[in-house]
Amino acid sequence: MRSDIVGEPLTLLFKTPKTRALYNFNIYFCMFGGFFGSQSSSTSITFCTQLPKRAVAEVKRWTLHKEGYNLETLPDAILTVSFDAPSDSIFTGSHYKLRIKFTSKYPFEPPEVQFVVDTTTKAPIHPHIYTNGHICLSILTPSAWSPALTVESTVLSIASLLSSCTTKTSPEGNQSYVSRVGDRSPLLTTWAFHDDKV
């Protein structure tokens, strides 16, 4: 079911260091991170066991090392991206890790992207990021994802979430959402987006 998108979007403009390609995407957030959707019990998502050709090309073109974003390829076609919080954000001094898994239809549907939460790293305390690492961000959903997006532009969009945040607050309904979804994929969540500010 398509997410109910309401209100004006936040427009992101940024360039990657080497390609200098200009990205312009409209991004919506949940209202202060509130969960307004539901999680499907479906298990129809098919994840790749090898990186898709498009993802392999994106890894080869990865240009963010010098900016502090370190990409690592793991077995089972999983990428992790480790990075320090943006220096202009309230999260300065913190270190985070994203996990990216690709579906069999990538790049025509979004990858699964979430913050790694384990004994050594946690998700940011952010109005649109749940404590299990799930991120409420429109471009990570099938209804708003574009094949023009790449791993780099997706990571930069998430970094922008941190840069623009003004308060360290967990999403409304965080505990309820986390307990309901368990370890299921965030791609199974149907979000309703009502907020374009953090």
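Sequence order sets the numbering: in each chain, residues are counted from 1 along the sequence as written. It should be noted that, the model being predicted, local features are given only for residues of pLDDT at least 70 and side-chain atom pairs only at 80 or more, the latter also being counted only at that level, while totals for whole chains, interfaces and linings use all residues. With hydrogens and water stripped out, all remaining heavy atoms of the structure feed into the side-chain values.

**Side note on the packing of aromatic side chains**
Here is step 1 of the chain: Between the rings of Phe, Tyr and Trp (Trp by its six-membered ring), a pair exists once the centres lie within 6.5 Å; its type follows the angle of the planes, with under 30 degrees stacked, over 60 edge-to-face, and the other angles tilted. Applying the stated criterion to the full structure yields 10 aromatic pairs.
Here is step 2 of the chain: Relative to Tyr 96, the ring of Phe 91 has its centre 6.5 Å away and its plane inclined at 80°; by these criteria the two rings are edge-to-face.
Here is step 3 of the chain: An aromatic cluster of at least three residues, connected via ring pairs, comprises Tyr 69, Phe 83, Phe 91, Tyr 96 and Phe 115.
Here is step 4 of the chain: The ring of Phe 47 has Lys 101 sitting right over it, with the charged end atom 4.3 Å from the ring centre. Over a ring means this: the NZ of a Lys or the CZ of an Arg is within 6 Å of the ring centre and within 35 degrees of the ring normal.

**Some words on the pattern of salt bridges**
Here is step 1 of the chain: Salt bridges are counted wherever a side-chain nitrogen of Lys or Arg sits within 4 Å of a carboxyl oxygen of Asp or Glu. Applying the stated criterion to the full structure yields 2 salt bridges.
Here is step 2 of the chain: Two residues, Arg 54 and Glu 58, come together in a salt bridge whose shortest N-O distance is 2.5 Å. Of this pair, Arg 54 and Glu 58 both sit in helix H1 (residues 53-60), separated by 4 residues, roughly a single helical turn.
Here is step 3 of the chain: Taking relative accessible area as the criterion, Glu 58 reaches 6% and is therefore assigned buried.
Here is step 4 of the chain: Ionic pairing is found between Arg 99 and Glu 112, a salt bridge with its closest N-O pair at 3.0 Å. Residue Arg 99 is found in strand E6 (residues 95-101), and its partner Glu 112 is found in strand E7 (residues 112-115); the two are separated by 13 residues along the sequence.
Here is step 5 of the chain: Using a 1.4 Å probe on the protein chains alone, a residue whose accessible area is under 20% of its type maximum counts as buried, one over 50% counts as exposed, and one in between counts as partly exposed. A residue is classified by how much of its surface remains accessible, and Glu 112, at 2% relative accessible area, is buried. Numbering of helices and strands starts at the N terminus; helices are DSSP runs of H or I of at least 4 residues and strands are runs of E of at least 2.

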